[in-house]
Amino acid sequence: MTDFILEVVYHLPYWKTAVIVAFALIGALLQEAGFWQRVLTFFIGIAAAVTFTQPLLDFFELKAAFSDATAGVLAMSGRNITVFVLRLSRDPFKSAGMILKIWKGYR
């Protein structure tokens, strides 16, 4: 698992990585939560930004110049989007499994 994460991080440009980490940190600090929930928010934000930036750019047919901004928004609100999707679904465990399959299939 760590090899996969390191492989993804190594392929990201330096500034995009900085934007993702900065916005994930801001998103985690803005939450009114305990320490562990902030840590979880930070890592979910990073995972959401790394996983869904390119599919969103492709879906909305955006130029590559919007890549950093899209990654920043996903990093800041990735936890909120994840919670919204899980609460909206009728079966949260099935939805979480589908999200994990999408994330693992991102190679």
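Residues numbered from 1 in each chain as written. Predicted model: local features only at pLDDT ≥ 70, side-chain atom pairs only at ≥ 80, totals over all residues. Heavy atoms only, no water.

Student: Explain the overall build of the chain residue by residue, including any values.
Tutor: Secondary structure assignment for the chain yields five helices and zero strands. Helices and strands in the chain line up, N terminus first, as α-α-α-α-α. The 107 residues of the chain split such that 27% are buried. Contacts spanning at least 24 positions in sequence make up 55% of the contacts within the chain whose residues lie at least 6 apart. Total accessible area on the chain stands at roughly 7900 Å², and carbon and sulfur atoms take up 70% of it. (Helix = DSSP H or I, 4+ residues; strand = E, 2+ residues; numbered from the N terminus. Buried < 20%, exposed > 50% of the residue type's maximum accessible area, 1.4 Å probe, protein only. Contact = heavy atoms within 4.5 Å. Areas by Shrake-Rupley, 256 points an atom, 1.4 Å probe, with all protein chains shown as cover.)

Student: Please provide a residue-by-residue account of the nonpolar core, values included.
Tutor: Soluble globular proteins: nonpolar side chains tend toward being buried together. Counting ten residues, the largest nonpolar core is built from Leu12, Ile20, Ala24, Ala28, Phe42, Ala49, Val50, Ala71, Leu74 and Ala75. When residues of this core are traced back to their parent elements, those giving at least two are helix 2 (14-29), helix 3 (35-59) and helix 4 (67-88). (Core = buried A, V, L, I, M, F, W, Y, C linked by side-chain atoms within 4.5 Å.)

Student: Any details on the environment of serine 95? Residues and values, ideally.
Tutor: Among the structural elements, serine 95 can be located in helix 5 (residues 92-104). Considered as a pair, serine 95 and threonine 82 are 13 residues apart in the sequence and their alpha carbons are 9.8 Å apart.

Student: Outline the packing of aromatic side chains, listing residues and values.
Tutor: The final tally for this structure, using the stated rule, is three aromatic pairs. When the ring of phenylalanine 35 is compared with that of tryptophan 36, the centres are 5.0 Å apart and the planes differ by 75 degrees; the resulting orientation is edge-to-face. The two residues phenylalanine 35 and tryptophan 36 agree in class, both being exposed. Between phenylalanine 42 and phenylalanine 43 the ring centres are 5.2 Å apart and the planes differ by 75 degrees, which places this aromatic pair in the edge-to-face class. Phenylalanine 42 sits in the buried class, given a relative accessible area of 17%. (Phe/Tyr/Trp six-rings, centres within 6.5 Å; stacked < 30°, edge-to-face > 60°.)

Student: Outline helix 2, listing residues and values.
Tutor: Given 3.6 residues per turn, any residue in an α-helix points the same way as the ones three and four places further on. In this model helix 2 runs 23 Å from its N-terminal to its C-terminal C-alpha over 16 residues, within 8% of the 22 Å that 1.5 Å per residue would give. Along helix 2, the residues that are buried comprise Lys16, Ile20, Ala24, Gly27 and Ala28. Seen from one end, helix 2 has its buried residues packed into an arc of 100 degrees, which puts them on one side. Set apart from the buried face of helix 2 by more than 90 degrees, the exposed residues are Tyr14, Trp15 and Leu29. (Expected span 1.5 Å × (residues − 1). Arc of directions from axis to C-beta.)

Student: So what about a nonpolar patch on the surface? Which residues, and what values?
Tutor: A contiguous nonpolar patch, built from Phe59, Phe60, Leu62 and Phe66 and spanning about 460 Å² of accessible area, is present on the exposed surface. Position of phenylalanine 59 among the secondary structure elements: in helix 3. (Patch = residues over 30% accessible without salt bridge, like charges linked within 9 Å, V, L, I, M, F, W, Y side chains within 5 Å. Salt bridge = Lys/Arg side-chain N within 4 Å of Asp/Glu carboxyl O.)

Student: Explain the packing of helix 2 against helix 3 residue by residue, including any values.
Tutor: At a minimum axis distance of 8 Å, the contact between helix 2 and helix 3 shows a crossing angle of 140 degrees. As helix 2 runs across helix 3, the sense of the crossing is right-handed. Seen from helix 2, the contacting residues are Lys16, Ile20, Val21, Ala24, Leu25, Gly27, Ala28 and Leu29; seen from helix 3, they are Arg38, Thr41, Phe42, Gly45, Ile46, Ala49, Val50 and Thr53. Of the residues belonging to the contact of helix 2 with helix 3, the class tally is ten nonpolar, four polar and two charged. (Axes fitted to C-alpha atoms, helices over the stretch in contact; angles between N-to-C directions. Left-handed = near helix turned anticlockwise from the far one by under 90°. Nonpolar A, V, L, I, M, F, W, Y, C, P; charged D, E, K, R; others polar.)

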